[in-house]
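# Structural overview for review
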Amino acid sequence: MADKNQHPQLTGAEIIWATLAGEGVDQVFGYPGGAILPAYDALRKFPSIHHILVRHEQGASHMADGYARASGKVGVCMATSGPGATNLVTGIATAMLDSIPIVCITGQVSSKVLGSDAFQEVDITGITLPITKHNWLVTRAEDIAPTIREAFQIAQCGRPGPVLIDITKDAQQATASFDFAAAAPAPHRPHPMLRAESSSIRQAIELIKSSKRPVILAGHGVLQSGAEAEVIAFAERQQIPVASTLLGLGAFPTTHPLSLGMMGMHGESWVNNAIQQADLLLAFGMRFDDRVTGNLASYAPNAKKIHIEIDPSEIDKNVKVDVALIGDLRQTLSLVLPLLPTKKDATWIKAVNAMKGDAAVRDIINLPDNGHLYAAHVINDIWREAHAAGRADQTIIVTDVGQHQMWEAQYYKHDASRTLVTSGGLGTMGFALPAAIGAKVACPEKDVWVIAGDGGFQMTGCELSTIVQEGLAINIAVINNGFLGMVRQWQEAFYEKNYAASPILSPDFVKLAAAHGIDGATVNKRKDVTPTVTKARTSGKAFLINFQVEKEDGVYPMIAPGKALHEMVRRPQKDPLLETAEDE
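Just so you know, these numbers come straight off a predicted model, no measurement behind them. (Residues numbered from 1 in each chain as written. Predicted model: local features only at pLDDT ≥ 70, side-chain atom pairs only at ≥ 80, totals over all residues. Heavy atoms only, no water.)

### Concerning the packing of helix 17 (residues 375–388) against helix 24 (residues 529–538)
Here is the rule we go by: Each axis is a line fitted through C-alpha atoms, taken for helices only over the stretch in contact, and angles between the N-to-C directions span 0 to 180 degrees. What counts as a helix is a DSSP run of H or I of at least four residues, what counts as a strand is a run of E of at least two, and both are numbered from the N terminus. For classification purposes, an angle smaller than 35 degrees is called roughly parallel, one larger than 145 roughly antiparallel, one from 65 to 115 roughly perpendicular, and anything else oblique. The hand of a helix crossing depends on one turn: near helix anticlockwise from the far one by less than a right angle means left-handed, and clockwise means right-handed. Whether two residues touch is decided by their heavy atoms; if any such pair falls within 4.5 Å, the residues are in contact.
Remark: helix 17 packs on helix 24, axes separated minimally by 9 Å, with the N-to-C direction vectors making an angle of 55°. Classified by the interaxial angle, the pair formed by helix 17 and helix 24 is oblique. Regarding helix 17 and helix 24, the two cross each other, and that crossing is right-handed. Contacts between helix 17 and helix 24 involve V378, D381, I382 and E385 from the former and V529, T530, V533, T534 and R537 from the latter.

Below you can see the structure in the form of structure tokens.
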């Protein structure tokens, strides 16, 4: 046993930062308070770690999340006890549902008063138990380093996710010997690697060989595994079209000839029809959530299903599969690919391409400029401007949740990994602005765009001051239609146009940005979109554009709740918006 005298004696607060530094952390998003003040007092001794002061703790967890999504690293956030800790909860849940590795560190009241309802005491480990991979309450200084190191391991291993460490104030103030190496957790034991001769691999090979109408479903796991090259090689060798989930966009290049686009509730009609007609689905790192499948009873009724997934709990959870290959996607595809012959038959690809036709969802893009500004135009023009400038693959789009999120998925072409940051599983309004801060901190050399609705933007708009304080050149596009847009669309479709509580009054967003020290502009004509986007992108500092778009536009196609994947509602042929445009 090593002599304790060989290692420095540090306070628990100092051990927090020393361990984070040892894990390679150089950015922490947080907000100080009484129970975490010892840690903040010790921060001055660790200049390699930059702390970003948020305006609300929810912003801290979303920033850590955006940092992790953009970089592939672990994001770290920090808050005090009580309300500081509970304000992290929405961001933690967002990360949990989307499998994002973040480490959340919270201060807690002294261990002597735990359970006494002390000032700002709350059982944050109990509260976050269902929305973390694991969490800890640490009451001794000597347990801090081992716990933090284990937390980093758990956050990243297997299916990634958030973890939380609650550290009492007296543990931060006490002293203990610090030995980073000795605090290392036991090695993670991954699921046993599949072998080429295993029965499941043989079954999968036979299904792939015999299929005539296969479709690959590329999910978020492609990004998480780093399996982009393997998926491209697999699709090209077998001539299999690739459909993407929302979080899978960018994992397979949108402009690739085998790319179909996004599947599901607001996916392309030909994508969903191809899935319904398929005789084999190859699910790569996706979980068959309800927005992807529609009515399960009628989902891909004639298709065999192969599911490659690192989390065994996802197997057969929503959709019964014929073959399950449990393990890391990249490793599994590397094993399977050499066992498959090259397929040259393009009959199925031609049939799928024929389904595309002149899809109604694209009509709005093809309309001539008639004075009407549609959100789809705005988003497509942001992509066109980035593409024309040679910056498309160096641009990260961070969306909020709602109509604009779906329009972004439909009209922005993601050809590179980690260029779309969005809340999928939880659907968190207010996500975009703070998550974009995390993404820009992670990738300062890239252009970062916030695309947010007028509703969601107001939830976390306070973080504009964080952008200014950190000197971050983030571009912000507010899609302003005067409604909680997706709520309004559902009210139009299913509630007889009873727009209860969906019209929303907003401030003058340009003046609001100016109050924070950010330049901005309002755009309400199509001809002004690209010049203003270029001005924002090249300004070298933060810039906000208030896009005043059509109020009652809808996202199409759309699958109504309870309907099958092929039962899509398309844009009405006599859409009042289009009729007005044509008349003019």
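### A look at the packing of helix 12 (residues 269–277) against helix 15 (residues 347–356)
Let me state the cut-off plainly: Any residue that is not Ala, Val, Leu, Ile, Met, Phe, Trp, Tyr, Cys, Pro, Asp, Glu, Lys or Arg is counted as polar, Gly included; the first ten are nonpolar and the last four charged.
Contact pair helix 12 / helix 15: the axes reach a minimum separation of 9 Å and the direction vectors enclose 140°. If you check the angle between helix 12 and helix 15, you find them oblique. Handedness of the crossing formed by helix 12 with helix 15: right-handed. Side by side, helix 12 and helix 15 meet where W270, N273, A274 and Q277 of the first sit next to W348, V352, M355 and K356 of the second. Here the contact of helix 12 with helix 15 is built from residues that sort into 5 nonpolar, 2 polar and 1 charged.

### Digging into the nonpolar core
As a reminder, the rule being used: By convention a nonpolar core is built from buried Ala, Val, Leu, Ile, Met, Phe, Trp, Tyr and Cys residues, the set being connected through side-chain atoms within 4.5 Å. Remark: exposure states derive from per-residue accessible area (1.4 Å probe, protein chains only) relative to the maximum for the residue type, with buried under 20%, exposed over 50%, and partly exposed in between.
Core analysis: the biggest nonpolar cluster contains 51 residues, and F29, V398, F457, I467, I474 and I476 have the highest contact counts within it. Per-element tally for this core: the top contributor is helix 19 (residues 432–442), with 7 residues. Listed in part, the 38 residues of the second largest apolar core include L10, M78, A141 and A171.

### Regarding the environment of A409
Structurally, A409 is set in helix 18 (residues 403–411). Not counting the four nearest positions on each side in its chain, A409 is found in contact with L246, L249 and M262.

### Observations regarding the packing of aromatic side chains
The condition that has to hold: Stacked, tilted and edge-to-face are the three classes applied to pairs of Phe, Tyr and Trp rings, where Trp contributes its six-membered ring and a pair requires centres within 6.5 Å; stacked means planes under 30 degrees apart, edge-to-face means over 60, and tilted covers the rest. Consider the ring centre and the ring normal. A charge sits over the ring if Lys NZ or Arg CZ is within 6 Å of that centre and within 35 degrees of that normal.
Tallied over the full model, the rule gives 6 aromatic pairs. Ring plane angle 80° and centroid distance 6.1 Å describe the contact between F288 and Y299, whose orientation is recorded as edge-to-face. In this pair, F288 is assigned in the loop between strand 12 (280–284) and helix 13 (290–293) and Y299 in the loop between helix 13 and strand 13 (304–309), connecting sequence segments 11 residues apart. Judged by its relative accessible area of 3%, F288 is buried. Overall, the relative accessible area of 4% leaves Y299 in the buried class. A cation sits over an aromatic face here: K413 above W383, 5.5 Å from the ring centre. Taking the ring centre of F483 as reference, the NZ or CZ of R488 above it sits at 5.8 Å.

### Digging into helix 23 (residues 509–516)
Basically, it comes down to this: Throughout, the arc means the angular range of directions from the helix axis out to the C-beta atoms. Polar contacts, as used here, are pairs of N or O atoms within 3.5 Å; protein pairs need one atom able to donate a hydrogen and one able to accept it. Residues neighboring in sequence count only if both atoms are side-chain atoms.
Along helix 23, the positions that sit buried rather than exposed are F509, V510 and A513. Taken down its axis, helix 23 places every buried residue within 100° of arc, on the same side. Along helix 23, exposed side chains directed more than 90 degrees from the buried face belong to K511 and A515. Each element contacted by the buried residues of helix 23 is listed here: helix 20 (454–460), helix 21 (464–470), strand 18 (474–480), strand 19 (519–523) and strand 20 (543–548). One side-chain oxygen at the N-terminal end of helix 23 lies 3.0 Å from the backbone nitrogen of V510; it belongs to D508. Immediately beyond the C-terminal end of helix 23, within one or two residues, lies G517, with a positive phi of roughly 95°.

### Details of the pattern of salt bridges
Spelled out, the test is: Any carboxyl oxygen of Asp or Glu within 4 Å of a side-chain nitrogen of Lys or Arg constitutes a salt bridge here.
By the definition in use, this model includes 17 salt bridges. The salt bridge partner of E314 is K317, with a shortest N-O separation of 3.0 Å. Residue classification places E314 among the buried positions, given a relative accessible area of 5%. Judged by its relative accessible area of 47%, K317 falls in the partly exposed class. In this structure, D447 engages R391 in a salt bridge whose closest nitrogen and oxygen atoms are separated by 3.0 Å.

### Points about the sheet that holds strand 10 (residues 242–244)
Condition: Two strands qualify as a pair provided that DSSP identifies no fewer than 2 bridges between them.
The sheet built from 6 strands is open, its strands ordered 11-10-9-12-13-14 with parallel pairing. Each edge of the open sheet carries a strand with a single partner, namely strand 11 (259–262) and strand 14 (323–326). Neighbour to neighbour, the strand axes of the sheet diverge by 15° on average, direction disregarded. Bridge count between strand 9 (residues 214–218) and strand 10: 3 bridges; the pairing is parallel. Of the residues in strand 10, the one forming a bridge with L217 is A243. Where helix 11 (residues 228–238) meets the sheet, its contacts fall on strand 9, strand 10 and strand 12, and the angle it forms with strand 12 comes to roughly 165°.

### Some points on unusual backbone geometry
Residue P557 follows Y556 across a cis peptide bond; omega there is -5°. Here P557 shows up in the loop between strand 20 and strand 21 (558–559). Even without a glycine there, the phi angle at E496 is positive, about 55°. Counting through the fold element by element, E496 comes out in the loop between helix 22 (485–494) and helix 23.

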